[in-house]
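This is what each chain is made of:
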Amino acid sequence: MGQTITEQILDEHLVEGELTPGEEIGIEIDQVLTQDTTGTMVWLQFEALDLDEVQTELAAQYCDHQTYQFDFKNTDDHRFLRSAAGTFGAYFSRPGNGICHQVHKENFAAPGKTLLGSDSHTPTPGGLGQLAIGAGGLDIAVAMGGGPYYVEMPEIVNVELTGELPEWATAKDVALHLLGELTVKGGVGKVLEYTGPGVETLTIPERTTITNLGTELGATSSIFGTDEKTEDWLARQDREEEYVELSPDEDAEYADTIEVDLSDLEPLIATPSMPDNVVPVREVAGEDVEQVIIGSCTNGAYEDILPGAKMLKGREVAKKTEMIVAPGSKQASEMLAREGWTAEMMAAGVNFSEATCGACIGIGHVPASDSVSLRTFNRNFEGRSGIEDDSVFLCSPEVATAAAITGEIVDPRDLADELGDLEAPGLEMGTKYGPGMGESDPDIISPDEAVDDDLIKGPNIGDVPLKDELASDIEGEALLKMEDNITTDHIIPATADILKFRSNIEKLSEFTLSRVDDTFAQRALDADGGFLVAGENYGQGSSREHAALCPMFLGVEGVLAQSFARIHKANLFNFGLVPLTIDEETYENIDQGDDIEIVDDVGEGVRNGATEFTVRVNDDWEATAHLDASEREREILAAGGKLSWTKQQHESD
Ligand code: SF4
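What you are looking at is a predicted structure, and each value in this text was computed from that prediction instead of being measured. One numbering rule holds for all chains: residues counted from 1, following each sequence as written. Given that the model is predicted, a residue must reach a pLDDT of at least 70 before its local features are reported, and side-chain atom pairs must reach 80 or more before they are shown or counted; all residues, however, enter totals for whole chains, interfaces and linings. To obtain the side-chain values, all non-hydrogen atoms of the structure were included, while hydrogens and water were left out.

1. Considering the overall build of the protein chain
Item 1. In this text, helices come from DSSP runs of H or I with a minimum length of four residues, and strands from runs of E with a minimum of two, each type numbered from the N-terminal end. The helix and strand inventory of the protein chain stands at 23 helices and 27 strands.
Item 2. Seen through its principal axes, the protein chain has C-alpha atoms that stretch 75 × 55 × 50 Å.
Item 3. Classification of residues uses two cut-offs on accessible area relative to the type maximum, computed with a 1.4 Å probe and protein chains only: under 20% is buried, over 50% is exposed, and between them is partly exposed. By residue count, 63% of the 653 residues in the protein chain fall in the buried class.
Item 4. Between two residues, a contact is recorded if the distance between any of their heavy atoms is within 4.5 Å. The long-range share in the protein chain, meaning contacts at least 24 apart out of those at least 6 apart in sequence, stands at 77%.

So, in structure tokens, the structure goes:
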């Protein structure tokens, strides 16, 4: 039987298991990336594993999430990351050089290779034919040490594109359309593989916008094949030698096919506060807009910013609206500046930010209270912008710019009709890209140019906490009962005041689930053990392993949820927290404060492959909970987490 593109790449990198959906496979990783919020833990764990040199073809450390320096902590973290990259042999991208996905795409992403990144939007270079997967930091540390990455073999779904995007509809609308149809859970356990004649009408920046947003569908990854556009784009980055041809075999079989006729699409918008609350822009037209931001890893390329620049030529940003452009990389900033677009946009009233994640996680440009912000980002989870009652809409750069011009949400087609001289900007590729590969880019320090050969730890950088082996009995209070779709932003918010403690778990854990219940951390410590209870899709969102590490530090033993998000579930295993699945009735009947006991010998059951455990509540009633885990995940859980397990493996080698 023929193979899909994903199967071809996986087959070439397979070190354990078979390509049967649902089965755990181990794959070899060619490249890894990590960013500043997750990176400090990655390197501390790399050090704790007694590893001394990166074993993958390439590793890159970016400083993108929190580039503003409020005090010494963040600067210390960046210096530590530079020292770790230098000591262990990774590329280091300086703060301000851009967002990891954008900079990695420009400098290192290569078709046919595997990439593992400690950030959930790692699948972005799937638009270039790279099989890229987001994972927790500990998985990255192990992969950098040369270990395989284990993942459940996903189902491969064919997204067949036909037709061509009409004027004013964009790649963002393709992704928003899929989110509206499939929801934030629609891609769980799947790789979305884009095929069909519509693919060749899309540029590489358009394709990577689509693969970036695959994360919001919960997909393991998203990927396109390669063609002349891929080759041309790599050549513009001085990397044409990286090109390989990738297409599915003619008789490849997909688990499912989703058809999208690009010519049927129109400008869409995700309304607050989930990326799948998608409606046509016309449905919400007329709403006042106080802030517009173009940027992020979704729409931060030169080609994403240029349409807005063209729309603003000879116009001004509405007086009641603030418009910010935060390019995704310094390369994009440079290109806009060299071609005069920065000055044009500034003259129209645009405020430029450095190339950083910033506003996407509430670090800078927090919206005013009770106001609407239109952003070209990928997430609008409640509170993520830095203010609890935010009202963030997600849309294309064209829709965002139309709102900046009028001060209200407007379909750009209607604005064009009204103005008479507003032309659809279309998508124009940049002619001259940035400096190219690592060695020639002053903002990327290659391992050969490293300035440090020892780790530099400031006073805010702590140790990695460890957990004991899994006990035979686990019992405790239902410390917190939560609803569906609890995100990692709920568990550990990524705002500046909290994130500065990312390398200090003892301090950071004080903020655990504070957005749900600000008494949680203290109660968990006082209770000395207990459980979290949640509805569907617990832990969706980022790859942030602090969302498992901090509850572990507070003594949480396990999570009882109706279902889990993929990366977060892996992180729970990695830090020795038992993820048990319960049915809706059990979820409804457990109240916060109930006494919970997992009756069977849990440690023994986990080791012996038990899939069902009895949950006794208040010594009064019982229900069944399920453990869906591979043999390897069971060993990790029994050992008290992946760090201890990996050390044990090394010792027995
Ligand atoms: Fe940065 Fe936002 Fe992209 Fe995450 S989603 S990498 S915070 S821009």
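2. Side note on the nonpolar core
Item 1. We call a set of buried residues a nonpolar core when its members are Ala, Val, Leu, Ile, Met, Phe, Trp, Tyr or Cys and they connect through side-chain atoms within 4.5 Å of each other. Counting 77 residues, the largest nonpolar core has W43, L116, M144, F520, L532 and Y538 as the members making the most contacts within it.
Item 2. For every domain, the bounds stem from an assignment made automatically or drawn from a database. When residues of this core are assigned to domains, at least three fall in each of domain 1 (5–264) and domain 3 (474–652).
Item 3. Other than its neighbours up to four places away in sequence, L532 contacts L480, M482, L513, F520, Y538, V556, G558, V559 and L560.
Item 4. Residues L234, M311, M345 and A416 belong to the second largest nonpolar core, which totals 47 residues.

3. Some words on unusual backbone geometry
Item 1. For the bond running from P272 to S273, omega is -5 degrees, close enough to zero to count as cis.
Item 2. Relative to the assigned elements, S273 resides in the loop between strand 13 (268–270) and strand 14 (278–280).
Item 3. We note that N485 has phi near 55 degrees; this positive angle belongs to a residue other than glycine.
Item 4. For N485, the position within the fold is in the loop between strand 21 (474–481) and helix 14 (488–491).
Item 5. One non-glycine residue, D528, adopts positive backbone phi at about 50 degrees.
Item 6. Here D528 shows up in the loop between helix 17 (520–527) and strand 22 (530–534).
Item 7. Overall, the relative accessible area of 68% leaves D528 in the exposed class.

4. Some thoughts on the environment of C100
Item 1. Among the secondary structure elements, C100 is positioned in helix 4 (residues 100–107).
Item 2. Residue C100 is classed as buried on the basis of its relative accessible area of 0%.
Item 3. Considered as a pair, C100 and D454 are 354 residues apart in the sequence and their alpha carbons are 24 Å apart.
Item 4. Those residues in contact with C100 that lie beyond four places of it in its chain are L33, Q35, Y62 and D64.

5. Focus: the sheet that holds strand 11 (residues 221–224)
Item 1. If DSSP finds at least two bridges between two strands, the strands pair. The four strands lie next to each other as 11-10-9-12, forming an open sheet whose pairing is parallel. Looking at the sheet topology across the chains shown, the edges are occupied by strand 11 and strand 12 (256–261). Adjacent strand axes in the sheet meet at a mean angle of 20 degrees, parallel and antiparallel pairs treated alike.
Item 2. Here an angle of 0 to 180 degrees is reported between the N-to-C directions of two axes, which are lines fitted to C-alpha atoms, with helices fitted over the stretch in contact. The sheet contacts of helix 7 (residues 204–213) involve strand 10 (190–195) and strand 11, and relative to strand 11 the element is tilted by about 160 degrees.

6. What to know about the domain arrangement of the protein chain
Item 1. Annotation of the protein chain at the domain level lists domain 1 (5–264), domain 2 (268–419) and domain 3 (474–652).
Item 2. Relative placement of domain 2 and domain 3: their C-alpha centres are 37 Å apart.
Item 3. Counting residues at the interface gives ten residues for domain 2, matched by twelve residues for domain 3.
Item 4. Buried area, as used here, totals the accessible surface that two parts lose on assembly, with accessibility defined by a 1.4 Å probe and the loss added over both. Summing the contributions of domain 2 and of domain 3, the shared interface buries around 820 Å²; its carbon and sulfur component is 53%.
Item 5. Within this document, salt bridges are pairs made up of a side-chain nitrogen of Lys or Arg and a carboxyl oxygen of Asp or Glu, the two lying within 4 Å of each other. At the junction of domain 2 and domain 3, the tally comes to two salt bridges.
Item 6. Here R515 makes a salt bridge to E388, at a shortest N to O gap of 3.2 Å.
Item 7. The classification used treats Ala, Val, Leu, Ile, Met, Phe, Trp, Tyr, Cys and Pro as nonpolar, Asp, Glu, Lys and Arg as charged, and all other residues, Gly among them, as polar. The class makeup of the residues in the side of domain 2 that touches domain 3 is four nonpolar, two polar and four charged.

7. Overview of helix 22 (residues 631–639)
Item 1. Burial runs high along helix 22: seven of the nine residues are buried.
Item 2. Every buried residue belonging to helix 22 is among R632, E633, R634, I636, L637, A638 and A639, and all of these are buried.
Item 3. On the buried face of helix 22, the contacting elements are strand 2 (24–27), strand 8 (149–152), helix 19 (566–574), strand 24 (578–581), helix 21 (602–608) and helix 23 (642–652).
Item 4. Following helix 22 by one or two positions, G640 adopts a phi angle in the positive range, close to 90 degrees.

8. Re the site of the ligand
Item 1. One heavy atom within 4 Å of a molecule or strand makes the whole residue count as near it. Taken together, H65, I99, H101, D119, H121, S296, C297, C357, C360, I361, N378 and R384 form the complete shell of residues around the ligand.
Item 2. Looking at the shell around the ligand residue by residue, the class counts come to five nonpolar, five polar and two charged.
Item 3. The residue makeup of the shell around the ligand includes at least three contributed by each of domain 1 (5–264) and domain 2 (268–419).

9. Some points on helix 18 (residues 546–554)
Item 1. Within helix 18, eight of the nine residues are buried, which leaves the element mostly enclosed by the surrounding structure.
Item 2. By the burial criterion, the buried members of helix 18 are H546, A547, A548, L549, C550, P551, M552 and L554.
Item 3. At its buried positions, helix 18 is contacted by helix 2 (36–48), helix 14, helix 16 (505–508), helix 17, strand 23 (556–561) and helix 19.
Item 4. Directly beyond the C-terminal end of helix 18, a positive phi value near 100 degrees is found at G555.

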